[in-house]
Every structure is written in structure tokens, then in C-alpha cells.
Amino acid sequence: MEQQQILEQLNEIFIDVLDNSDIKLTEATTANDIEEWDSLYHIQLVVAIEKHYKVKFTASEIQSWKNVGDMANAVKSKLGA
Amino acid sequence: MLFNSIEFLIFFIFVTTLYFGLPHKFRWLLLLIASCGFYMFFKPEYILILGFTIVIDYYAGIWIESAKTPAARKRFLVMSLIANIGVLAIFKYYNFINDNITGLCNLFGYTNQIPYLHIILPIGLSFHTFQAMSYTIEVYRGNQKAERHFGIYSLYVMFYPQLVAGPIERPQNMLHQFHEKFTWDYDRVMSGLRLMAWGLFKKIVIADRLSIVVDAMYSGTYGYNTVWVFIGTFFFAYQIYCDFSGYSDIALGSARVMGFTLMKNFNFPFQAKTITDYWRRWHISLSTWFSDYLYTPIVINRRDWGKWAVVFGLVFTFFISGLWHGAGWPFIIWGVLHGIAMSYEFMTKKWRKKTFSKLPVWLNNTLSQLIVFLFLQFVWIFFRADSFHTAFNVIKGLFNYENFPDQFPAFTAALRYSLLVGALMLAHFLVFEKFWRNEKWSKKLDSSVGLRYAVFGYMFLLFVFFGSFKNAQSFIYFQF
């Protein structure tokens with residue numbers, strides 16, 4: 001799957017979980033850019049992403065993400081493997 | 001040594017002058033010696049406790065980094081955590097645990113034989129052990145290289161501005177700064193001094209003044225009723241805010257004078273519109289510590305539970321946070337109430353958004369801030385009261401609508417004076433803070449020397465005439 005395609009799907013998930021239809025993700029987007037994206041909702045996002053792609057991340061993978069680009073890469077490498 | 005003492009003033013001038021006079025390669029040594037002196041002012045022999053954990057964590061960091069297998073890395077991390085939590089357990093929680101065992105024994109008709117420990121809590125223990133743990137955890141996670149310079153690692157734990165009451169720093173922000181060379185920069189030095197002055201103002205003019213009224217209310221001398229309890233708890237909210245954020249300002253300011261940047265610890269917490277938001281603004285260095293090292297790992301591991309993972313993570317983290325503040329059940333209740341409030345906010349977020357978006361924005365914001373403040377004011381009763389007994393009497397008093405004005409004549413003249421001056425100074429503080437919060441005005445203050453002289457001159461006058469010097473108090477957070 002292409003990076004851009006993953007990004008668009010992540011965007012859908014973010015809009016759904018965070019209940020904010022204005023979200024426009026880029027690879028550089030971080031939790032600081034989206035008001036609703038805090039440590040409480042972060043984990044809801046992770047669960048939704050795991051469900052959507054039927055993958056499971058490790059704790060250290062989740063904690064190493066710095067922005068949406070890292071998340072998309074993590075999804076990509078899980079799907080590719 | 002208290003920041004609000006003459007000793008500290010002399011210490012600060014002496015150390016800062018030497019700091020700028022010495023070549024860079026000796027500065028770490030000066031700061032380390034100064035920090036040891038600062039700490040030993042309280043109870044000299046306790047420096048040995050610090051020494052013990054510093055040595056263990058220093059080697060743990062190096063061993064974690066050079067370990068060949070993940071299991072070995074983990075072993076060294078666990079060793080460091082056990083040493084730090086062990087010291088906390090003995091000095092801070094031993095008697096608390098023992099008391100609870102006694103209670104359990106009595107319940108079942110046994111006698112608890114474990115002896116009581118007669119020790120004084122080392123100052124700032126919870127702060128520097130948390131900062132030390134942050135180091136070994138970050139080395140373990142691969143975010144920080146192990147520090148090889150033993151003196152600089154010691155300084156990371158002992159740096160006097162933040163040694164006894166934070167901000168609880170992270171190695172990624174602090175360690176490299178001790179290797180950097182900072183030069184004299186007039187503007188930076190002045191801005192650091194101004195921050196210190198503002199911190200001292202908050203402490204001496206506001207917090208220590210309000211504390212006279214708060215202490216009188218909690219002592220129960222004048223009985224408890226709605227108005228009196230409301231005044232006492234209202235004043236306590238601002239007392240603890242000015243006390244602790246004042247301390248942080250002096251810490252940040254004195255570090256800034258020398259060129260160091262410490263992390264921001266407060267961001268106008270009473271502007272928060274939710275409790276969740278409040279914890280992003282109050283004691284930020286502690287809440288991010290708990291979030292990074294306790295809450296997030298718990299919730300990640302339990303994420304199969306869905307939303308309940310967050311609820312469990314919040315309540316458990318705030319249970320520990322309560323315990324971190326003090327070894328006693330009232331602190332734990334205080335923490336758990338925060339955890340429950342945040343869980344409620346989390347579970348009802350969508351519903352609240354839908355329901356209250358119909359209100360005008362200003363009304364929604366004002367009401368939200370008011371509710372948050374009243375909640376804080378209420379749960380702080382458990383934090384401030386010396387026992388459950390007092391806490392319940394105070395809460396009962398909240399619903400006792402009778403006879404407030406009758407007791408007023410019974411107040412001592414000093415108490416009446418502090419009530420009046422406290423209210424007046426608090427009003428000043430609120431106005432000052434409103435300007436600080438306003439970007440346009442705070443920029444104006446930064447750019448206009450004349451305005452700065454006027455504001456700080458006025459503050460100085462208030463300080464001289466209304467400062468609470470006879471009632472110089474230790475900082476509330478020193479006990480943690």
C-alpha cells in the first residue's frame with residue numbers, strides 16, 4: 001500500500017475517533033497540531049488503527065512514534081512484512 | 001536553604017558571581033559544590049542517601065547502554081528502579097505502610113510487632129528520585145546516551161535550582177546543558193532576575209499572607225461554616241498556586257541567570273476548562289513524568305480493554321500520584337478524585353461537546369472554568385487537612401449556613417488584617433496575571449523599559465509594605 005493511501009485512511013480514522021471533521025493529516029502532523037489528540041485519545045487511535053489494518057504493534061513501537069509519518073511507516077512495514 | 005531567605009540571597013549572589021568568573025571547565029565543580037551546600041543546609045547527613053542513588057544510577061546508565069542482551073538491559077534498569085523506589089519506600093512510606101498493617105492487625109485482633117521508624121523525611125526526596133529514574137528509563141529506552149562524567153551526572157540530580165521541588169527534569173533537556181558554555185548576557189540575566197522577583201512576590205506577598213487565613217480556618221478555632229470554609233478553601237487554592245508556581249519561577253529564574261533553561265512547570269492552571277486540561281497546566285513536569293513512564297505503558301499494555309483501559313490507567317496513575325504527594329490516605333483520596341473526574345470527562349466527551357455547544361462560547365467557557373475551579377477548591381480539602389477528621393469537619397462546615405458574621409469579631413486583629421490584605425493582594429495578583437496572560441501586554445512589558453520599571457517598582461512597594469515577613473513559611477512542596 002502506498003504511503004499516501006495509508007495517510008488518507010489514517011485521516012478517516014482520526015476524524016472518526018477524535019470526532020473532528022476538520023482534521024487534515026500530513027506526515028509532519030503531531031499531537032500538538034490537533035486539539036483533541038491527547039494522551040487519553042492517543043491509545044484509542046492506536047486501537048482503531050490496529051483494528052482497521054488487523055495488525056498489532058509492540059509497546060516500544062507505539063512509544064517511538066513522533067508524528068503521523070512514523071505511524072504511517074509503522075503500518076506500512078507491518079503490512080509489507 | 002529556602003529561596004525566600006537572606007541566606008539564599010547571599011548564596012545566590014556568591015555562586016552566580018563565581019560562576020561567571022570561573023572558566024567553563026571548572027563551572028560544573030562549582031555548581032556541584034554549591035548544590036551540595038544547598039542540600040546540606042537542611043540535614044547534612046542525608047547527602048549520603050543522594051550519594052547512594054547517584055552512584056547506583058550512574059553505573060546503571062552505563063551498564064544498560066553497554067549490556068549485550070535485552071534481558072541484561074532490563075536487569076540493570078530494574079536494579080536502578082528498586083534502589084530509587086526502595087529509598088523512597090523506607091524514608092517516605094515505611095511508617096505509612098506500618099500504620100496500615102497495625103490497622104489490619106487490630107481488625108483481626110493481633111498486635112503489630114513491627115517497630116516504628118523515627119526519621120525525618122529527606123527534603124525533596126520524591127523530586128530527585130523521580131528525576132533520577134527518568135534518567136535510567138530514558139537510557140533504557142534509547143533516548144539518552146549514558147553520561148560518563150560522574151560529576152556532571154551528579155549535577156543532573158543535584159542542580160540546586162530544581163533539587164528540592166522541581167521542575168522534575170528529563171535528561172534529554174538537562175544533561176547537555178551542563179556541557180555547554182553559557183556567557184554573560186545582560187538581557188537574559190535581567191529576565192531571569194525578573195522571574196525570580198515575580199516568584200518571590202507570589203510567595204511572600206500572596207502565598208504566605210493567605211496562609212495565615214487558611215491556617216486559621218483549618219485550625220477550627222473559629223468553627224466551620226459555609227462562608228468561612230469557602231474563604232479558607234478559596235484562599236488555599238491561590239496559596240498553593242502562588243507557593244508552588246512561585247517556587248518554580250525562582251527555580252527557572254535562577255537557572256536562567258546562569259544560562260540554563262528548565263522546563264515550564266505551570267501554564268495558568270486556573271484557566272483550565274476541564275480537569276484534563278488542568279493537568280496539562282499544573283505541575284507539568286510531574287504530570288508528563290507520570291504520563292510518560294506510568295500511564296502510557298499501562299494503557300498500551302491494557303488496550304484490549306478499550307475505553308476502560310484509559311479509565312483504569314487514569315485512576316491508577318492518580319492513586320500513585322496522590323501517594324507521591326504524601327504518605328497518607330487523604331492524599332490518595334485527593335489523587336483518586338482527580339482520576340475519577342478525568343475518567344468522567346473522557347467517557348462523556350462527545351456528549352458534553354454536543355450538549356454544551358448550544359451555549360454561547362463565553363458562557364460555556366466561564367462555566368467550565370468555574371466548575372473546574374470549584375472542583376479543585378473542594379478536593380484540595382483532602383490535600384490540606386491534616387487528617388480525615390479535619391477534612392470531614394471542614395466539608396460538614398460547608399453546609400452549615402449559620403452565623404458567619406457573628407464569629408468575625410472573635411478574629412484576632414492580626415487575622416482580620418491578613419484577611420483584608422490577603423484579599424487586596426490577591427486582587428492585585430489576578431490583575432497582574434491577566435496582563436501576563438495577554439500576549440500584547442506581556443510583549444509591551446518586554447519592550448518598554450519605562451513600563452517595566454513602573455510595574456516592578458509598584459510590586460516592590462507592595463512587597464515592602466504588605467509582604468508577610470513575620471510569617472516566613474517553608475514551601476508547601478518541600479515536604480514531598
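The rules behind the values
Residues numbered from 1 in each chain as written. Chains lettered and ligands numbered in written order. Predicted model: local features only at pLDDT ≥ 70, side-chain atom pairs only at ≥ 80, totals over all residues. Heavy atoms only, no water. Domains from an automatic or database assignment. Contact = heavy atoms within 4.5 Å. Buried area = accessible area lost by both parts, 1.4 Å probe. Salt bridge = Lys/Arg side-chain N within 4 Å of Asp/Glu carboxyl O. Polar contact = N/O pair within 3.5 Å; in protein donor to acceptor, adjacent residues only side chain to side chain. Helix = DSSP H or I, 4+ residues; strand = E, 2+ residues; numbered from the N terminus. Nonpolar A, V, L, I, M, F, W, Y, C, P; charged D, E, K, R; others polar. pLDDT = per-residue confidence, 0-100. Patch = residues over 30% accessible without salt bridge, like charges linked within 9 Å, V, L, I, M, F, W, Y side chains within 5 Å. Areas by Shrake-Rupley, 256 points an atom, 1.4 Å probe, with all protein chains shown as cover. Buried < 20%, exposed > 50% of the residue type's maximum accessible area, 1.4 Å probe, protein only. Axes fitted to C-alpha atoms, helices over the stretch in contact; angles between N-to-C directions. Parallel < 35°, antiparallel > 145°, perpendicular 65-115°, else oblique. Expected span 1.5 Å × (residues − 1).

Moving on, we get to the domain arrangement of chain B. Residues and elements named next belong to chain B. By domain assignment, chain B separates into domain 1 (6–181) and domain 2 (188–479). Measuring from the centre of the C-alpha atoms in domain 1 to the corresponding centre in domain 2 gives 26 Å. Contact with domain 1, which involves 37 residues of that partner, is made by 38 residues of domain 2. Contact with domain 2 buries surface across domain 1, with Phe96, Phe130 and Arg170 losing the most and accounting together for 18% of the total. At the boundary of domain 1 and domain 2, one finds 1 salt bridge. For Asp292, the salt bridge identified is with Arg170, shortest N-O distance 3.2 Å. Remark: the boundary between domain 1 and domain 2 carries 17 residue pairs in polar contact (both at pLDDT 80 or more). Of all the secondary structure elements, the ones that give two or more residues to the side of domain 1 that touches domain 2 are helix H1 (6–21), helix H4 (70–107), helix H5 (125–141) and helix H7 (171–179). Each residue belonging to the side of domain 1 that touches domain 2 can be placed in one class, and the counts come to 23 nonpolar, 9 polar and 5 charged.

Each partner contributes to the interface: chain A provides 18 residues, whereas chain B provides 21 residues. Overall, the association of chain A and chain B removes approximately 1,600 Å² of surface from exposure, summing both partners, and the carbon and sulfur fraction of that is 55%. Contact with chain B buries area across many residues of chain A, yet A:Leu40, A:Tyr41 and A:Gln63 alone supply 36% of it, more than any other trio. In this structure, B:Lys353 and A:Glu36 form a salt bridge, with 4.0 Å as the shortest nitrogen-oxygen distance. At the junction of chain A and chain B, the tally comes to 6 residue pairs in polar contact (both at pLDDT 80 or more).

Here we take up the confidence of the model for chain B. This prediction gives chain B a mean pLDDT of 89; 98% of its residues lie at or above 70. Looking at the elements of chain B, mean pLDDT is at its lowest for helix H17 (residues 404–407) of chain B, recorded as 66, and at its highest for helix H6 (residues 150–158) of chain B, recorded as 94.

On to a nonpolar patch on the surface, then. Residues and elements named next belong to chain B. Together, Val55, Tyr59, Trp63, Met79 and Phe150 make up a nonpolar patch on the protein surface, roughly 420 Å² of accessible area in all. Among the elements that take part in the nonpolar patch, helix H3 (residues 47–66) stands out by supplying 3 residues, more than any other. Here Trp63 lies in helix H3. For Trp63, a relative accessible area of 36% gives the class partly exposed.

Now for the environment of B:His428. All names here are of chain B. Inspection of the secondary structure puts His428 in helix H18 (residues 413–437). Setting aside its immediate chain neighbours within four residues, His428 contacts Tyr458 and Leu462. Among the polar contacts listed, one links the side chain of His428 to the side chain of Tyr458, at a separation of 2.6 Å.

Residues and elements named next belong to chain B. Running from N to C, H4 and helix H12 (residues 307–325) cross one another at 105°; their axes reach a closest spacing of 10 Å. What the angle tells us is that H4 and H12 run roughly perpendicular. Residues Lys92, Tyr93 and Phe96 of H4 pack against Leu323, Trp324 and His325 of H12. Of the residues that constitute the contact of H4 with H12, the class distribution is 4 nonpolar, 1 polar and 1 charged.

Looking now at helix H2 (residues 24–40) of chain B. Residue and element names in this part refer to chain B. End to end, H2 covers 25 Å across 17 residues, agreeing with the expected 24 Å (1.5 Å per residue, within 8%). Within H2, the full set of buried residues consists of Arg27, Leu30, Leu31, Leu32, Ala34, Ser35, Phe38 and Tyr39. Tucked into the core, H2 has its buried residues touching H1, H3, H5, H6 and helix H9 (226–258).

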